[in-house]
Amino acid sequence: MKENITNIPRHVAVIMDGNGRWAKKRLMPRTFGHGAGMNAMIAMARKAKAMGIRYLTVYALSTENLARPKEELEGLYTLIRKYFTKNVKELYAEGAAVRVIGDITALPAGVQQLIREGVENSPDDAQFFVILALNYGARAEIVRAVNAAISRGERVTESELGKLLDTADMPDPDLIIRTGGEIRLSNFLLWQAAYAEMYFTDVLFPDFDEKEFEKAIADYSRRNRRFGNV
Ligand code: IPE
Ligand code: IPE
Ligand code: MG
């Protein structure tokens, strides 16, 4: 029987891991896995929006991933270019906006330009946000925020520091999903994850379809979040 999910998270963040292993199983290059992962990500965003989730953050490229071989990075940049030229238009048409967290200044100039345009051209009245984490690392993000606070010469509260992070205008994630079998955060949203629920699955990201996403949300909706209270 289909479960009735009553408690929908406002913000879901996903560590999309396992593309390389998915490709390897098929004797294909890792980039092929990233292409399949991007299709899964687009389908997931559509599903998230349909379920009434407001914010979907996807870990697409970590600061550490920039050390990967040049061919793989080129493949990823090609996918990012495609996303910000073609796929974002479908997103806009559905009334959704795209945002980015991470330091994109380390990416090729052409890619940076497309990302900036993609964010700027997003509808102003969006009710659903896809937030791409690109060259994102939580430690780097926190250091940027701390340095911004220092340059103002003022001590900060938790809420003020939160406003200096890349995620300033978003709520903290309610649920963090990691596919691909590893049980770790890999430098993702360390500050924002303070009270997030965690969901780990062995499913490799290209196989993480709408049914799997719904399963994760159903699992979340059964949890009891106490936030330290009784
Ligand atoms: C995650 O998949 C996507 C990115 C890091 C860009 P991986 O590329 O890490 O895939 P595995 O973990 O090697 O299978
Ligand atoms: C985390 O996956 C980064 C992304 C999904 C973009 P990795 O594959 O890079 O993480 P580790 O190396 O297994 O921790
Ligand atoms: Mg991986």
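Heads up: the structure comes first, above all this text.
Throughout what follows, the structure given in this document is the object of discussion. Since this is a predicted model, take the numbers as computed values, not measurements.

Parameters and conventions
Residues numbered from 1 in each chain as written. Chains lettered and ligands numbered in written order. Predicted model: local features only at pLDDT ≥ 70, side-chain atom pairs only at ≥ 80, totals over all residues. Heavy atoms only, no water. Helix = DSSP H or I, 4+ residues; strand = E, 2+ residues; numbered from the N terminus. Rg over C-alpha atoms; globule rule 2.2 N^0.38 Å. Buried < 20%, exposed > 50% of the residue type's maximum accessible area, 1.4 Å probe, protein only. Contact = heavy atoms within 4.5 Å. Areas by Shrake-Rupley, 256 points an atom, 1.4 Å probe, with all protein chains shown as cover. Lys, Arg positive; Asp, Glu negative; His and termini not counted. Charge placed at Lys NZ, Arg CZ, Asp CG, Glu CD. Expected span 1.5 Å × (residues − 1). Near = heavy atom within 4 Å. Polar contact = N/O pair within 3.5 Å; in protein donor to acceptor, adjacent residues only side chain to side chain. Nonpolar A, V, L, I, M, F, W, Y, C, P; charged D, E, K, R; others polar.

### A word on the overall build of the chain
Turning to step 1, where the next piece is worked out: Along the backbone of the chain there are seven helices and six strands.
Turning to step 2, where the next piece is worked out: The N-to-C order of helical and strand elements in the chain reads β-α-α-β-α-β-α-β-α-α-β-β-α.
Turning to step 3, where the next piece is worked out: Expected size for 230 residues packed as a compact globule is a radius of gyration near 17 Å; at 18 Å, the chain falls within 12% of this value.
Turning to step 4, where the next piece is worked out: For the chain, the proportion of its 230 residues judged to be buried stands at 49%.
Turning to step 5, where the next piece is worked out: By sequence separation, contacts in the chain at least 24 residues apart represent 76% of the contacts at least 6 residues apart.
Turning to step 6, where the next piece is worked out: With the model as given, the accessible surface of the chain reaches about 12,000 Å², and the carbon-plus-sulfur share is 52%.
Turning to step 7, where the next piece is worked out: Here the chain carries 32 positive and 30 negative side-chain charges, and the mean point of each set is 3 Å from the other.

### Brief notes about helix 7 (residues 210–221)
Turning to step 1, where the next piece is worked out: Taking 1.5 Å of rise per residue, the 12 residues of helix 7 would be expected to cover 16 Å, and the 16 Å separating its terminal C-alpha atoms lies within 8% of that figure.
Turning to step 2, where the next piece is worked out: Glu212, Phe213, Glu214, Ala216, Ile217, Ala218, Tyr220 and Ser221 are the residues of helix 7 that are buried.
Turning to step 3, where the next piece is worked out: Residues of helix 7 that are buried sit in contact with strand 1 (11–15), helix 2 (30–51), strand 2 (55–59), strand 5 (175–178) and strand 6 (197–200).

### Considering the environment of methionine 38
Turning to step 1, where the next piece is worked out: Take methionine 38: it is sitting in helix 2.
Turning to step 2, where the next piece is worked out: Under the relative-accessibility criterion, methionine 38 is labelled buried at 8%.
Turning to step 3, where the next piece is worked out: In contact with methionine 38, other than residues within four places in its own chain, are Leu79, Lys82, Tyr83 and Asn87.

### Overview of the site of ligand 1
Turning to step 1, where the next piece is worked out: In the vicinity of ligand 1 there are 13 residues, among which Asp17, Gly20, Arg21, Arg30 and Arg68 approach most closely.
Turning to step 2, where the next piece is worked out: Within the backbone of asparagine 19, a nitrogen or oxygen atom sits 3.2 Å from an oxygen atom of ligand 1.
Turning to step 3, where the next piece is worked out: Notes on ligand 1: free accessible area 380 Å², of which the protein chains cover 88%.
Turning to step 4, where the next piece is worked out: When residues of the shell around ligand 1 are traced back to their parent elements, those giving at least two are helix 1 (19–25), helix 2 and helix 3 (70–93).
Turning to step 5, where the next piece is worked out: When residues of the shell around ligand 1 are assigned to their parent elements, the largest contribution, three residues, is made by helix 1.
Turning to step 6, where the next piece is worked out: Looking at the shell around ligand 1 residue by residue, the classes come out as three nonpolar, five polar and five charged.

### Remarks on unusual backbone geometry
Turning to step 1, where the next piece is worked out: Residue leucine 27 is not a glycine yet carries a positive backbone phi of 55°.
Turning to step 2, where the next piece is worked out: With respect to the element layout, leucine 27 can be found in the loop between helix 1 and helix 2.
Turning to step 3, where the next piece is worked out: In this model, asparagine 135 sits at a positive phi of 45°, which is unusual for a non-glycine residue.
Turning to step 4, where the next piece is worked out: Following the sequence through the fold, asparagine 135 ends up in the loop between strand 4 (128–133) and helix 5 (138–152).
Turning to step 5, where the next piece is worked out: Residue class for asparagine 135 comes out buried when judged on its relative accessible area of 6%.

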